[in-house]
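The lines below spell out each chain.
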Amino acid sequence: MDIAHLHFLVAQADPAQRRALVDLLGQLGASRVTEVPDGHHALQTLEAGLAPAVNIAIIDLALPGMDGLELIRKLGEIQTPARLVVTGAQPADLLFSVETLAEAYGVELLGVIARPVTAPKLKPLLDNYAPLARPPRKPGGPRFTFQQIGIGLQKRQFEPFFQPKIELATGQVKGLEAFARWRHPEHGVLGPASFMEALEESGRIDFLDWSMIELSVERCRWFQEQGIPVPISLNIAPETLAHPAFVRQIVASLERHKVLPDYITFELPESSVLNTNPDFIERLVRLRMMGFGLAIDDYGTGRSNLQLLARIPFTELKIDRSFVDGASKRRPLGTVLRSCLNLAHSLDRMSVAVGVETRQDWDFLQSLGCTYAQGYHIANPMEATAFPPWLADWRQFF
């Protein structure tokens, strides 16, 4: 990447190390570097609105006056558009925690580097630079009452959008996950933020679940008629699954549309699956005996009882995006991801990595033997009619 047009800030207390960093940036192609000896001057520089603005700030944790941690917090408060590289003499696991802290403050990091800073360490981070687009804050979209949502459901304004699930070893599409979308007549296509809260407060998520089940099974049949026999995964609330009529209703839906149970997988959050209610466990066992797939979603976000996890008849372990995105560059995160994949493998289950955002994530997961991947690097959720042409394009590459 050509960094000649970027404005750098170097915040380092030790004059010799600061000079070495400035020289290193020059060797890598930087032409404009501002250097400061402490955290207060760094904050003032980033607040001052210099022209041209600072694009990348390289800050050391051991700054006098205002140390690196306090500076990161202040930069989060002012919402600096600069991207950060944090350096320090601390061990890798502690630097990773600093990176996690910066992200919690809303500061965009290119990465962390253990001192001494060298070209092989710094250049890959600079190559990942992209201007940080901070769109104006929006109110978060329209919100609707339970009654309004009910009317939308009755009018069939809700529909499933589908995101492909790819087998990493072959690149083949092995499934689709359904996501609820509301095609509102005034506001366009709306995501869950506009309707989930009202449904949860009313205790009627099952209204949405049943609409998505029926429509997804219908789309599954349509895909098969297009010569695309692809399984579909559906997120359902545990209270929907626990309803006494659940099995009877889902069987009736499949019979209406002539779809076999092994084309449908139900995804449940880890927190809801790991309980000892015998009725709930019986329901899961019954669904598996009938041929339905069961996936544990958001794995890693709950407090797993591993003994119980091994007893649940799930077919897929879906690893939460927080352990996937950027794992190739962060050793502690990669260690957690590898542990999740090993667990799935040891239980003879399929592993699904959610939130694959980059080619680096894809390659890393492939090297670890992950079964499936899905995320924006592959495709955004799309309406059913958009999937066949997308699939035709995808098959050009695999």
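Residues numbered from 1 in each chain as written. Predicted model: local features only at pLDDT ≥ 70, side-chain atom pairs only at ≥ 80, totals over all residues. Heavy atoms only, no water.

Visitor: Tell me about the side chain of Q374, and name the residues and values.
Guide: Within the secondary structure, Q374 sits in strand β14 (residues 372–374). Residue classification places Q374 among the buried positions, given a relative accessible area of 1%. Every residue in contact with Q374, bar those within four places of it in the chain, is listed here: Q163, P164, K165, E177, F179, K318, V352, A353, V354, G355 and V356. (Helix = DSSP H or I, 4+ residues; strand = E, 2+ residues; numbered from the N terminus. Buried < 20%, exposed > 50% of the residue type's maximum accessible area, 1.4 Å probe, protein only. Contact = heavy atoms within 4.5 Å.)

Visitor: Explain the pairing of strand β10 (residues 264–269) residue by residue, including any values.
Guide: Each regular strand displays side chains that alternate between the two surfaces of the sheet. Of all the six residues making up β10, five are buried; the element is thus mostly covered by neighbouring parts of the structure. Of the pairings in the sheet, the one linking strand β9 (residues 232–235) to β10 comprises four bridges and is parallel in character. Bridging from a neighbouring strand, S233 pairs with T265 of β10. (Pairing = 2+ DSSP bridges.)

Visitor: So what's going on with the pattern of salt bridges? Residues and values would help.
Guide: Overall, the coordinates contain 17 salt bridges when judged by the stated rule. Across the salt bridge formed by R183 and E159, the nearest N and O atoms sit 2.7 Å from each other. Within this pair, whereas R183 is found in strand β7 (residues 173–184), its partner E159 is found in strand β6 (residues 158–167), the two being separated by 24 residues in sequence. The partly exposed category is assigned to R183, whose relative accessible area is 34%. Note that E383 is salt-bridged to R183, the shortest N-O span being 2.8 Å. (Salt bridge = Lys/Arg side-chain N within 4 Å of Asp/Glu carboxyl O.)

Visitor: Tell me what's going on with the UniProt feature "modified residue: 4-aspartylphosphate" (unreviewed entry) in the protein chain, and back it up with residues and numbers.
Guide: Listed under "modified residue: 4-aspartylphosphate" (unreviewed entry) in the UniProt record, and renumbered for this structure, are D60. Secondary-structure assignment places D60 in strand β3 (residues 56–60). Setting aside anything within four residues of it in sequence, one finds D60 in contact with A11, Q12, G68, T87, G88 and R115. Looking at D60, its side chain comes within polar contact range of the main-chain nitrogen of A62, at 2.9 Å. (UniProt positions renumbered as here; feature names shortened; annotations may be inferred. Polar contact = N/O pair within 3.5 Å; in protein donor to acceptor, adjacent residues only side chain to side chain.)

Visitor: So what's going on with the sheet that holds strand β1 (residues 7–11)? Which residues, and what values?
Guide: Spatial strand order, β2-β1-β3-β4-β5: five strands in an open sheet with parallel pairing. The sheet is open, and its two edges are formed by β2 (32–36) and β5 (109–114), each paired on a single side. The sheet shows a mean angle of 15 degrees between the axes of neighbouring strands, direction not considered. Taken together, the five bridges between β3 and strand β4 (residues 83–88) define a ladder with parallel strand orientation. Considered in β4, the bridge of I59 is made with V86. Its contacts with the sheet put helix α4 (residues 92–104) on β4 and β5, and the angle it makes with β5 is roughly 160 degrees. (Axes fitted to C-alpha atoms, helices over the stretch in contact; angles between N-to-C directions.)

Visitor: An account of the confidence of the model for the protein chain is requested, with residue identities and associated values reported.
Guide: For the protein chain, the mean per-residue pLDDT works out to 89, and 93% of the residues sit at or above 70. Taken element by element, the protein chain is modelled with least confidence in helix α13 (residues 306–311), mean pLDDT 70, and with most confidence in β6, mean pLDDT 98. The low-confidence segment residues 134–139 (pLDDT under 50) makes six contacts with residues lying over four places distant or belonging to another chain. (pLDDT = per-residue confidence, 0-100.)

Visitor: Run through unusual backbone geometry, naming residues and quoting values.
Guide: In this model, R115 is joined to P116 through a cis peptide bond whose omega is 5 degrees. Even without being a glycine, R156 presents a positive backbone phi close to 60 degrees. Mapped onto the elements of the fold, R156 is located in the loop between α6 (146–154) and β6. Not every positive phi belongs to a glycine, and D348 is a case in point at roughly 60 degrees. By secondary structure assignment, the location of D348 is in the loop between α14 (331–346) and β13 (350–354).

Visitor: Just give me the short version of the domain arrangement of the protein chain, but keep the residues and values in it.
Guide: Accessible area lost during the coming together of the parts is what is often quoted as the interface size. Partitioning the protein chain into structural domains gives domain 1 (7–128) and domain 2 (146–397). Here the C-alpha centre of domain 2 lies 40 Å away from the C-alpha centre of domain 1. Facing six residues of domain 1, the contacting portion of domain 2 comprises five residues. Carbon and sulfur atoms supply 54% of the area that domain 1 and domain 2 bury against each other, a total of about 480 Å² over both sides. (Domains from an automatic or database assignment. Buried area = accessible area lost by both parts, 1.4 Å probe.)

Visitor: With reference to specific residues and values, describe helix α8 (residues 205–225).
Guide: Taking 1.5 Å per residue as the helical rise, α8 with its 21 residues ought to reach 30 Å, and the 30 Å between its terminal C-alpha atoms agrees with that figure. Counted residue by residue, α8 has 15 buried out of 21 residues, so it is predominantly covered. (Expected span 1.5 Å × (residues − 1).)

Visitor: Requested: an account of the pairing of β4, with residues and values cited.
Guide: With six of its six residues buried, β4 lies for the most part within the structure. In β4, alternate side chains face the same way, and those of R83, V85 and T87 on one face and L84, V86 and G88 on the other are all buried. Handedness of the crossover joining β3 and β4 through helix α3 (residues 68–78) is recorded here as right-handed. Both β4 and β5 contribute to a ladder of five bridges, which runs parallel. Looking across to β5, one finds that T87 is bridged to I113. Once you follow β4 into α4 and on to β5, the crossover reads as right-handed. (Right-handed = clockwise from strand over helix to strand, strands pointing away.)

Visitor: How would you summarise α6 if you had to cite specific residues and measurements?
Guide: Listed as buried for α6 are I149, G150, G152 and L153. In an axial view of α6, the angular spread of the buried residues amounts to 160 degrees, which keeps them on one side of the axis. Counted as exposed and oriented over 90 degrees from the buried face of α6: Q147 and Q154. In this fold, the buried residues of α6 make contact with β6, β7, α7 (196–202) and α8. Two residues or fewer after α6 comes R156, characterised by a positive phi angle close to 60 degrees. (Arc of directions from axis to C-beta.)

Visitor: Could you give an account of the packing of helix α2 (residues 39–47) against α3, with specific residues and numbers?
Guide: Contact geometry of α2 with α3 gives a least axis separation of 10 Å together with a crossing angle of 15 degrees. Taken together, the axes of α2 and α3 lie roughly parallel to each other. Here α2 runs over α3; the crossing is right-handed. Along its contact with α2, which presents G39, A42, L43, L46 and E47, the element α3 presents L71, K74, L75 and I78. Split into classes, the residues belonging to the contact of α2 with α3 amount to six nonpolar, one polar and two charged. (Parallel < 35°, antiparallel > 145°, perpendicular 65-115°, else oblique. Left-handed = near helix turned anticlockwise from the far one by under 90°. Nonpolar A, V, L, I, M, F, W, Y, C, P; charged D, E, K, R; others polar.)

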